[in-house]
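Each chain is listed here by its residues.
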Amino acid sequence: MSSSNRKKDALRYHSSGRPGKIAVVPTKPHSSQRDLSLAYSPGVAEPCLAIAENSEDAYKYTAKGNLVAVISNGTAVLGLGDIGAQAGKPVMEGKGLLFKIFADIDVFDLELDTKNVDEFVKIVKALEPTFGGINLEDIKAPECFEIERRLKAEMNIPVMHDDQHGTAIISGAALINSCELQQKDISQVKIVVNGAGAAAISCTAMYIAVGAKKENIVMLDSKGVIRSDRENLDPSKAEWATDRDITTLADAVKDSDVFIGLSAADVLTPEMLQSMAAKPIVLAMANPNPEIAYDLACATRNDIIMGTGRSDFPNQVNNVLGFPYIFRGALDVRATAINEEMKIAAVHAIAKLAKEPVPEEVNQAYNTNNLRFGEDYVIPKPTDPRLITEVSIAVAKAAIESGVARKTIEDWDEYKTELRKRLGKDDGIMRTLSARAQNNPKRVVFAEADNYKTLRAAQIVQEEGIAIPILLGDEERIRHIIEEYAFELDGTQIIDPSKQVKTDTFKQFVDHLYTKRQRRGISRLEAEKLIRGNRNYYAASMVEFGQADTFISGLTRSYATTIRPALQVIGAKPGSRVAGMYMMLTKKGPIFLADTTVNEDPCPEDLAEITILVNNAVKERFNITPRIAMLSYSNFGSTEGRVADKVRQAVKILHDKAPDIIVDGDVQANFALNKEMLNTNFPFSKLNGEAANTLIFPNLESGNIAYKLLQEVGEAEAVGPILLGMNKPVHVLQLDSSVREIVNMVKIAVVDAQSREN
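Residues numbered from 1 in each chain as written. Predicted model: local features only at pLDDT ≥ 70, side-chain atom pairs only at ≥ 80, totals over all residues. Heavy atoms only, no water.

Caption draft 1: View of a nonpolar patch on the surface. A cluster of nonpolar side chains, namely Leu78, Leu80 and Ile83, defines an oily patch on the protein surface of about 310 Å² accessible area. With respect to the helices and strands, the residue Ile83 is situated in the loop between β1 (67-72) and α5 (89-103). The partly exposed category is assigned to Ile83, whose relative accessible area is 33%. (Patch = residues over 30% accessible without salt bridge, like charges linked within 9 Å, V, L, I, M, F, W, Y side chains within 5 Å. Areas by Shrake-Rupley, 256 points an atom, 1.4 Å probe, with all protein chains shown as cover. Salt bridge = Lys/Arg side-chain N within 4 Å of Asp/Glu carboxyl O. Helix = DSSP H or I, 4+ residues; strand = E, 2+ residues; numbered from the N terminus. Buried < 20%, exposed > 50% of the residue type's maximum accessible area, 1.4 Å probe, protein only.)

Right, here's the structure in full:
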C-alpha cells in the first residue's frame, strides 16, 4: 500500500461513523424510571455511603476494579516524537481499544498538557480514587523514569510505563527462546543494545533479571558507545557505561551474539551483521522500519534468528502480548503495584507459551498451516487466545506470592474460566464434553483423511485422549500430508478402501448395501463401486459392522451427498425420523436449534417428533434441561396462517403426549429469548421463569437461515450439524469446517457413542 493510500485509509478509519475508537457503554439496565432512580438519585446514595464506610467497597459497587487510565503528555509518541498531548490522543485511544479487545479492561485515556514532572505526578496521583491501574504512555526519557518512580512510590494501585516495561517483557521472552534455539547460554551471550531511551534501558535491566550478565552488555546512543569516560553522562545512561576501548556500532557488534535495536532505521549494515558471532540473534525493533530490513538480514546470514516490531514479518515484538494481561492479572488480585516479580513471571509465561502447540485459529489468522516453536516463531502471536489465561494467571500468582495482592485467588481453574468468559470464550460445555469423551474414548473413522484439516483434528483428538482416530483414504497421500506437516500420528490405523476389494470385510459391506438397496435401484455391481469408490459408504459400513464406533465426514462434500450413504447403509432408528440440530455457543450460554438440515417442511406430527428427539438429545448428551420454544411469526395465536397453525397443532400434540417436556408456542424468537418480555405479556406460558434454550423452527428454510445469521452476525460459534435419530452414531460436518469445528464434532460423536453404549 502506498503511503498516500495508507494516510487516506487511516484518516477515514478514525473519522468514519462516530469519531474516535472508544466509547462509554452502560452496564446496568436503564430503560425505566426505576432503573434511573437506582443508577442516580436517590438510589446512588447507598453505594456512596457503603464506600465512605469501607473504601474497598469501591471495587464492589463501581467500575474501579476494571478501569485503567492510559496517561500521556505526548512528548514521545510512537515514532513521531514530541507532538503534544492532544495530537497523541489517537494513540491513547488505540491503547484503550487494545486493552478492551484483548483483556476486557475498560479505559479512559487522559492527555495531560504539561511537561513539568511535579505537575504531572500531582495530577495523576490525585486520580487514584477513580482507577484500578495507571498505564503511562509515550513520555520522553529521562522524565519518564522519574514520573514512574514517584507514582509507584506514592500510589497504592498498579502503575506501569509500558514503553519501558512492555517492550522489555516481550523482547525478554524472545531472547530467552532465541538463546535456547541457537544453543547459547544467556549468561554468556554478548549483547549490544543500540538505543538508550526508556525502552532500551528497561530492556537491558530485564535481560539481566532473566540471566544475562551486565559485563557482557554494551549500550549505544546517538553519539556512539556509552563509555565511562564520557563527560556529562545522564545518570540513567551512566549505569550502562563500559570501559571497553570501542566507540562505534561496528566496533560493538563484532563477535557479539545479540543485537537489540531500539533506535533508528537501517543503522545495522550487512557488513556489521556478518561480523557477529555464529548463530546471531537480532531483535531490530525500531518502528516503522527496523535497524536492518528483515529480508536483508536473512539474506545476509542464514543462521540468524531475526525479530522486528513489524507485523508483516515473523517474530514481531509486540507489546500487546504483555500489557493487557499484566494489568488483567494485577487488577484481579487488586495488586498495589506491578513489581519485578510480576514482570518476570510474564516473561516466562510468554516464553513458555511459544513452545506449546499453536491453536488452529492462530494458524488461520496468519494464513499458515503449521506454526511451531522455531526460528520463525520464538514468541506467541497477538491473536493467541491463550495469552489471557497463561500470562494473567502467572502475573496474579506472582503478585500473591510477592505480597502485593490484596485479594487471593483460591480456585485457579475457576479463574481461568472467568478469563475465558471475558472474551466470549466460555466453552464450558465443550470442556465438559471433552472430559466425558476422555473417560471412554471411542473409535472415530475420518472419511476424508487425505485433507490437512482432518489430519490436524485427528492429531488433536488423539493427543487429548478424546478419540481413537481411524484414517480413511489414499494411504500414500495421507502419509505424505502427515510427513509434510510433521503430524504426530504414528501408529494410527490407515485404511484405503480401494485396496480392500479382495477381503471378506469388503464382501460383507457390499452384501449388506446390496441387500438393503436392491429394490431401490442399486445393483450388486453398483454396490461394489460405492463401497470401493465412496469413502462415506465404507465408513458407514465400518460403523454398521462394529469396526468403528462413529464416523465423521462432510468437510469436502455437500451435506446431502454425505448423509445419503449413512441413511442407506445404517438408516434411522426403527420407528424414528432423522433430524438435524445445531448448538450455538453464545455469550449467554448454549442455544440449540432444530431442524436446520434435514426436514424441509415438517407437518405438525413431524414437528412434535423432531421436538422429542431434540429434547432427549439435549438432556442426555449435554446434561441440560431443555426449555423449548416452538417458533413462528405469531405469538400464541396472535396471527393466523398455515405456518403458525401447524406450530400450534404441534404444541398441542406435545402437551397431550409428552406433558413433562417444557415446551410452548407458537412464539416469536425475541419473546422466547427474553424472559422479561415473555413473563410480562404472556404470563400463562409454560416457558415462564427462564428464557428458552432450545428453538424449534417451523421449516428447514427458517432454521438454516437463523443459525447462519447467528454464526456470522451474532458472534456465536456453531457446533453441528448434530444428526439425531440415526440407528448408530453418524455426524456430518459443515462444508469447509475449521479444525476447531471438526474437533468439537468429534467430542459430540464420542459422547453420542458412549450414551448409546450405556
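Text resumes after the structure shown.
Caption draft 2: Representation of the nonpolar core in the model. By size, the foremost hydrophobic cluster in this structure holds 97 residues, and its most contacted members are Ile134, Leu136, Ile191, Ile260, Met342 and Ile379. In terms of residue count, the dominant contributor to this core is helix α17 (residues 387-401) (nine residues). Of all hydrophobic cores here, the second largest spans 62 residues; its members include Leu489, Leu585, Ala658 and Met745. (Core = buried A, V, L, I, M, F, W, Y, C linked by side-chain atoms within 4.5 Å.)

Caption draft 3: Region of the structure containing the sheet that holds strand β14 (residues 550-553). Across the sheet, five strands lie side by side as β13-β12-β11-β14-β21; this open sheet has parallel pairing. Edge positions in the sheet fall to β13 (493-495) and β21 (730-732), since each of these pairs with one other strand and no more. Looking at each pair of strands side by side, their axes are set apart by 25 degrees on average, direction ignored. Sheet analysis places strand β11 (residues 442-446) next to strand β12 (residues 467-472), joined by five bridges and oriented parallel. By the bridge assignment for β12, Val445 is matched with Ile470. Those strands touched by helix α31 (residues 739-757) are β11, β12, β14 and β21, and its axis lies near 135 degrees from that of β11. (Pairing = 2+ DSSP bridges. Axes fitted to C-alpha atoms, helices over the stretch in contact; angles between N-to-C directions. Contact = heavy atoms within 4.5 Å.)

Caption draft 4: Summary view of the side chain of Lys184. Among the secondary structure elements, Lys184 is positioned in the loop between α8 (162-181) and β5 (191-194). Looking at Lys184, the relative accessible area reads 17%, which means it is buried. Within the local environment of Lys184, its side chain forms a polar contact with the backbone oxygen of Ala278, the two atoms lying 2.7 Å apart. Once residues within four sequence positions are removed from consideration, Lys184 is found in contact with Cys179, Val189, Asp257, Ala277, Ala278 and Lys279. (Polar contact = N/O pair within 3.5 Å; in protein donor to acceptor, adjacent residues only side chain to side chain.)

Caption draft 5: A look at the state of the cysteines. If you walk through the whole model with that rule in mind, you get zero disulfides. With no disulfide of its own, Cys179 lies closest to Cys203 among cysteine sulfurs, the gap being 14 Å. Judged by relative accessible area, Cys179 falls into the buried class, the value being 2%. (Disulfide = S-S within 2.5 Å.)

Caption draft 6: Up close: the sheet that holds strand β8 (residues 258-261). With mixed pairing, the six strands of this open sheet are ordered in space as β7-β6-β5-β8-β9-β10. The open sheet has two free edges, formed respectively by β7 (224-225) and β10 (305-308), since each of these has just one partner strand. Note: β8 against strand β9 (residues 281-284), four bridges, orientation parallel. Paired with Ile260 across the strands is Leu283, a residue of β9. Against the sheet, α8 touches β5, β8, β9 and β10, its axis set at about 160 degrees to β9. In the packing of helix α9 (residues 198-209) onto the sheet, the strands contacted are β5, β6 (217-221) and β8, and the crossing angle to β6 comes to about 175 degrees.

Caption draft 7: Unusual backbone geometry, seen in detail. Following Ala141, the chain continues into Pro142 via a peptide bond in cis, with omega recorded as 5 degrees. Residue placement: Pro142 occurs in the loop between β3 (133-136) and α7 (143-154). Omega for the bond connecting Ala594 with Asp595 falls within 30 degrees of zero, at -15 degrees, which places this linkage in the cis form. Structurally, Asp595 is set in the loop between β16 (589-594) and α26 (604-622). One non-glycine residue, Phe636, lies in the positive phi region at around 50 degrees. As for its placement among the helices and strands, Phe636 is situated in the loop between β17 (628-631) and α27 (642-657). Positive phi outside glycine occurs at Asp736, with the angle close to 65 degrees. Mapped onto the elements of the fold, Asp736 is located in the loop between β21 and α31.

Caption draft 8: Looking closely at the pairing of β3. Burial along β3 is two-sided: the face carrying Gly133 and Asn135 and the face carrying Ile134 and Leu136 are both buried. Across four bridges, β1 lies against β3 in parallel orientation. Paired with Val68 across the strands is Gly133, a residue of β3. Pairing of β3 with strand β4 (residues 159-161), which is carried by three bridges, proceeds in the parallel orientation. Its bridge partner lying in β4, Asn135 is registered against Met160. In this view, the connection linking β3 to its parallel neighbour β4 by way of α7 has right-handed handedness. (Right-handed = clockwise from strand over helix to strand, strands pointing away.)

Caption draft 9: Examining the packing of helix α14 (residues 323-332) against helix α18 (residues 412-422) more closely. Across the interface, α14 lies against α18 with an axial gap of 13 Å and an inter-helix angle of 125 degrees. The angle between the axes of α14 and α18 places the two elements in the oblique class. Between α14 and α18 the crossing geometry is right-handed. In contact with Arg328, Gly329 and Asp332 of α14, α18 contributes Tyr415, Leu419 and Arg422. Classifying every residue of the contact of α14 with α18 by side-chain character gives two nonpolar, one polar and three charged. (Parallel < 35°, antiparallel > 145°, perpendicular 65-115°, else oblique. Left-handed = near helix turned anticlockwise from the far one by under 90°. Nonpolar A, V, L, I, M, F, W, Y, C, P; charged D, E, K, R; others polar.)

Caption draft 10: Geometry of the pattern of salt bridges. Tallied over the full model, the rule gives 44 salt bridges. A salt bridge links Asp752 to Arg756; the shortest N-O distance between them is 2.8 Å. One end of the pair, Asp752, and the other, Arg756, are both in helix α31, four residues apart, so they sit about a helical turn from each other. Of the residues examined, Arg756 reaches a relative accessible area of 27% and is grouped as partly exposed. Through salt bridges with shared partners, one network takes in Lys89, Glu93, Asp109 and Glu111.

Caption draft 11: Quick look at the packing of aromatic side chains. This model, assessed by the stated rule, comprises 16 aromatic pairs. Note on Phe108 and Phe131: the rings are 6.2 Å apart at their centroids and 80 degrees apart in plane angle, and the pair reads as edge-to-face. Placement of the pair is Phe108 in strand β2 (residues 106-111) and Phe131 in the loop between α6 (117-126) and β3, with a sequence separation of 23 residues. For Phe108, a relative accessible area of 38% corresponds to the partly exposed category. Judged by its relative accessible area of 2%, Phe131 falls in the buried class. Arranged with centres 3.8 Å apart and planes meeting at 20 degrees, the rings of Tyr582 and Tyr707 form a pair that is stacked. Residue Tyr582 is located in strand β15 (residues 579-586), and its partner Tyr707 is located in helix α30 (residues 700-712); the two are separated by 125 residues in the primary sequence. According to the relative accessible area criterion, Tyr707 is buried, its value standing at 4%. We note Lys397 situated over the ring of Trp412; from NZ or CZ to the ring centre the distance is 5.2 Å. (Phe/Tyr/Trp six-rings, centres within 6.5 Å; stacked < 30°, edge-to-face > 60°. Lys NZ or Arg CZ within 6 Å of the ring centre and 35° of its normal.)

Caption draft 12: Looking closely at the environment of Arg756. Separated by 27 residues in sequence, Arg756 and Pro729 place their C-alpha atoms 8.3 Å apart. Sequence-distant contacts of Arg756, defined by excluding residues within four places in its chain, comprise Lys573, Arg621, Met726, Asn727, Lys728 and Pro729. Looking at Arg756, its side chain comes within polar contact range of the main-chain oxygen of Met726, at 2.9 Å. A polar contact is formed between the side chain of Arg756 and the side chain of Asp752, at a distance of 2.8 Å.

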